[in-house]
Amino acid sequence: MNERDSEAVAAQLVAKGYTLAPSEKNADVILLNTCSVRDFAEKKAIGKMQNLAADVRKNRPEVVLGFLGCMAQSRGRELIDKLPDVDLVLGTQKFHRAAECLDEIITGAREKIVDVAEEENSEATIREHLLNGSAKTSVSAFVSIMQGCNQRCTFCIVPFTRGEERSRTIPDIVAECRELVSRGVKEITLLGQIVTSYGRRGGSGRGTKVESRAPAPLLPSTLDLRPSTIKSPFVQLLDAVHEIDGLERIRFTSPHPKGYGDDLIDAYARLPKLVESAHLPVQSGSDRVLKLMHRGYARKRFLGIIEKLRRAKPDIGITTDIIVGFPGETETDFEETLSLAREVEFDNAYIFKYSQRRDTPAAEMPDQVPQKVREDRNRRLLELVNGIAARKYDAFIGRQVQILVEGPSRKNPARYTGRTRCNRIVLFDGGARHQGRLMDVKITRTGSFTLYGDPAIMNL
Ligand code: 5AD
């Protein structure tokens, strides 16, 4: 999400005549887009800005320094008080104002700017793409469909930094996707903090043809009502994007498990371009903790969704996010998370040590878990999920998979990199002729979270 926001800001600046600097050493403007989800991310951004002030700014006082995004939103002017070298602080609804703010600062009209206000329709302003920025981005692109989140999980700062849910309209999103496809994009990832709530609440998506429910068919209840007869706005959006000729693959992130209704499961079965991949943040395996987190589902419901998804698409790649050491999490609660991870066998899991965030209800909850215990649980869970993931990677050896080739590998340009439909990275000895192609490869060996493929065997 943040990469997408940064890309849109860069593209807006390029359209105004700026050029991308090869490194911060020779840039005239350096904007850090920030994340507030955990304290570590904030510390990192502040440390980075301190270094920029000490190195770059000291030698070239004319360089403009700015903070964008979530931390800018939640801390505002406080950031300039703490770091007086900072010229610009722009919140999450103001990314598109970067160019005009820079003009004012560079011309000297204003010395410092802090703008973290709400702005109507800001959800529709993240739309410019830097397709020629790198070879990779021209095959696969991210499209922001909504902003904000109303779920209010007790650990999460996002409702405070990203605001209320606001959705773009289906025609607006489809127009952006069409434009990308006409420029060579083959894969689109629809983005939002809670994409399964797309179109249910405010924003310009309201009052358009997005219907939250198709009219209920007037049939006796004994008849099999196909789940596809009730479609959430998000599934309606998937249907609309799926129609785009030339688009090969659709992904989305992040959904909320409670939004995985039968209509969405059914979409996996119905829509061939919707790839077999789902990131389903579970956060905990304990019902007690899930309740404290205000997640809106229980363990059983989550397991039910996984089962249905795997029934619809047996090869689906399933990844998750898990928080360890949430306030009040006991050893028994944690063991339920371990047992859930064993039961589901995630293809990969991102594990986070609980981090207290300002203004969130969990920060005030009793029984905060000692740091040492958080670290210990993090290590134990990581060991378990990595072991399972490695086994699942090894199971690919000898299999034929379809990949979309994204471009040369960053580490070794003689190798090309692509992704399977289930979102695994595959490296193979390739060349420019493979760029952007959908091709079959045979997996010959595995590395850490990587598959190695041989195209020669399949594409003679
Ligand atoms: N502490 C630790 N992890 C968090 N996440 C969100 N808020 C916190 C927090 N306060 C994790 C969740 C979420 C992911 C993006 O970050 O697992 O899914």
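Calculation criteria
- Residues numbered from 1 in each chain as written.
- Predicted model: local features only at pLDDT ≥ 70, side-chain atom pairs only at ≥ 80, totals over all residues.
- Heavy atoms only, no water.
- Helix = DSSP H or I, 4+ residues; strand = E, 2+ residues; numbered from the N terminus.
- Expected span 1.5 Å × (residues − 1).
- Near = heavy atom within 4 Å.
- Polar contact = N/O pair within 3.5 Å; in protein donor to acceptor, adjacent residues only side chain to side chain.
- Areas by Shrake-Rupley, 256 points an atom, 1.4 Å probe, with all protein chains shown as cover.
- Nonpolar A, V, L, I, M, F, W, Y, C, P; charged D, E, K, R; others polar.
- Core = buried A, V, L, I, M, F, W, Y, C linked by side-chain atoms within 4.5 Å.
- Buried < 20%, exposed > 50% of the residue type's maximum accessible area, 1.4 Å probe, protein only.
- Contact = heavy atoms within 4.5 Å.
- Axes fitted to C-alpha atoms, helices over the stretch in contact; angles between N-to-C directions.
- Parallel < 35°, antiparallel > 145°, perpendicular 65-115°, else oblique.

Draft legend 1. View of helix α1 (residues 2–15). Counted at 1.5 Å a residue, the expected span for α1 with its 14 residues is 20 Å, and the 20 Å between its end C-alpha atoms agrees. Backbone geometry just after α1 places G17 at a positive phi near 105 degrees.

Draft legend 2. Layout of the site of the ligand. Contacts to the ligand come from V37, R38, F155, Q283, D321, I323, F352, K353, Y354, S355 and R357. Here a nitrogen atom of the ligand and a backbone polar atom of F155 are 3.0 Å apart. Contact with the protein chains hides 86% of the accessible area of the ligand, taken as 410 Å² for the molecule alone. Among the elements of the structure, β11 (317–324) and β12 (348–353) are those that each provide at least two residues to the shell around the ligand. Residue composition of the shell around the ligand, grouped by class: 5 nonpolar, 2 polar and 4 charged.

Draft legend 3. Representation of the nonpolar core in the model. Counting 72 residues, the largest nonpolar core has L190, F234, L238, F252, Y260 and L381 as the members making the most contacts within it. No other element matches helix α7 (residues 170–182), which puts 6 residues into this core. Beyond its immediate chain neighbours, meaning those up to four positions away, L238 contacts L190, I250, F252, L264, A267, L271 and L274. Membership of the second largest hydrophobic core comes to 19 residues, among which are I46, A53, V63 and M71.

Draft legend 4. Geometry of the packing of helix α11 (residues 299–312) against helix α12 (residues 331–344). Remark: α11 packs on α12, axes separated minimally by 11 Å, with the N-to-C direction vectors making an angle of 10 degrees. By the criterion of interaxial angle, the relationship of α11 to α12 is roughly parallel. Seen from α11, the contacting residues are R299, F302, L303, I306 and R310; seen from α12, they are E336, S339, L340, E343 and V344. Taken together, the residues of the contact of α11 with α12 sort by class into 5 nonpolar, 1 polar and 4 charged.

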